[in-house]
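Chain and residue survey
So you can see what is in the structure, the chains are spelled out below.
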Amino acid sequence: MSKLLIAHPETTAFSLADIFQSLSDGDNRVVSVIELSELAYAAKQTGDLESALEYETQAFEFSLELSDTLDERNYQLLLSAKLFNLGQLHYNLNKPTQARRCFEKARSIDTSISNPIGEAASLRGLAFLEQDDGHLADAVELHKLSLLLNSKANYQEGIALDQANLGDIYLELGDSQQAKHYLEQALQNLREANLDSYAL
């Protein structure tokens, strides 16, 4: 089973346009962030991860300039979402050091603004890095922490994916009983949330 690393919730639960909806039109920096983010998404969809990384990096750089434009929480949400997306791209391009740096920065921001779903997403990314390094016990602890945060936030998709990822690690550890427990829970939660298109 492949690792299930979903997009940061701030880019799935609402669009960048929603973050910027209260702003007046004409700010070229805002337009640039939206356009570059759309280009990054399109490039990811076609498998051109290098181009996606370039676009996402530029979007992040423009985002840094918006502290005088967005309210503080939306500014921090935007930065954490961009950092998470960069972490995903670095991870998928087999650049673990850069991925870890991005996930850790995104987690720090989400922790500081009490955004548990965002923090859980970054913990999931960090867990995969530990799993790839063979640190399976550490990966389990990170996924369990992510599961706890998603459970407190009642974020069903995150809960199911954390359970699926825990099942995957327990399979790798040879603990079939724990693996079965988490994978069955994940499948049930995905079905209840109408998300059973995920392949477990």
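For the structure, check the block above.
These notes cover the structure that comes with them. Residue positions are given per chain, counted from 1 along the sequence in the order it is written. Confidence filtering applies because this is a predicted model: local features only for residues at pLDDT of at least 70, side-chain atom pairs given and counted only at 80 or more, and all residues used for totals across whole chains, interfaces and linings. Heavy atoms from the whole structure form the basis of all side-chain values; hydrogens and water molecules are not counted.

Of all hydrophobic cores here, the largest spans 32 residues; its most connected members are Leu66, Phe103 and Leu129. Numbering of helices and strands starts at the N terminus; helices are DSSP runs of H or I of at least 4 residues and strands are runs of E of at least 2. Going through the elements one at a time, α2 (28-45), α3 (49-63), α4 (72-92), α5 (96-112), α6 (116-132) and α7 (136-152) are the ones with two or more residues in this core. Remark: nonpolar core denotes a set of buried residues (Ala, Val, Leu, Ile, Met, Phe, Trp, Tyr, Cys) joined through side-chain atoms within 4.5 Å. For every residue, the accessible area obtained with a 1.4 Å probe (protein chains only) is divided by the maximum for its type, and the residue is called buried under 20%, exposed over 50%, and partly exposed between those limits. Core analysis: the second largest hydrophobic core is formed by 10 residues, Leu147, Leu166, Ile169 and Tyr170 among them.

The end-to-end C-alpha separation of α6 is 24 Å, in line with the 24 Å expected for 17 residues at 1.5 Å each. Just downstream of α6, Gly134 is the residue with a positive phi angle, here 85 degrees. To estimate how far a helix should reach, multiply one less than its number of residues by 1.5 Å.

Moving on: the side chain of His90. Position of His90 relative to the elements: it lies in helix α4. Judged by its relative accessible area of 12%, His90 is buried. By definition in these notes, contact holds between two residues if any of their heavy atoms fall within 4.5 Å. Not counting residues within four places of it along the chain, the set of residues in contact with His90 comprises Leu53, Lys95, Gln98, Ala99 and Cys102.

Let's shift gears to the packing of aromatic side chains. Classification of ring pairs rests on two measures: the distance between centres of Phe, Tyr or Trp rings, Trp counted by its six-membered ring, which must be within 6.5 Å, and the angle between planes, read as stacked under 30 degrees, edge-to-face over 60 and tilted in between. A full pass over the atoms with the stated rule returns three aromatic pairs. Judged by centre distance (5.4 Å) and plane angle (50 degrees), the rings of Phe84 and Phe103 are tilted. With Phe84 in helix α4 and Phe103 in helix α5, this pair connects stretches of sequence that are 19 residues apart. Residue classification places Phe103 among the buried positions, given a relative accessible area of 0%. Each ring, one from Tyr170 and one from Tyr182, has its centre 5.7 Å from the other, and the planes form 0 degrees; the classification is stacked. Of this pair, Tyr170 sits in helix α8 (residues 156-173) while Tyr182 sits in helix α9 (residues 176-192), and the two are 12 residues apart along the sequence.

With respect to the secondary-structure elements, Gly167 resides in helix α8. For Gly167 and Tyr182, which are 15 residues apart along the polypeptide, the C-alpha to C-alpha distance reads 5.0 Å.

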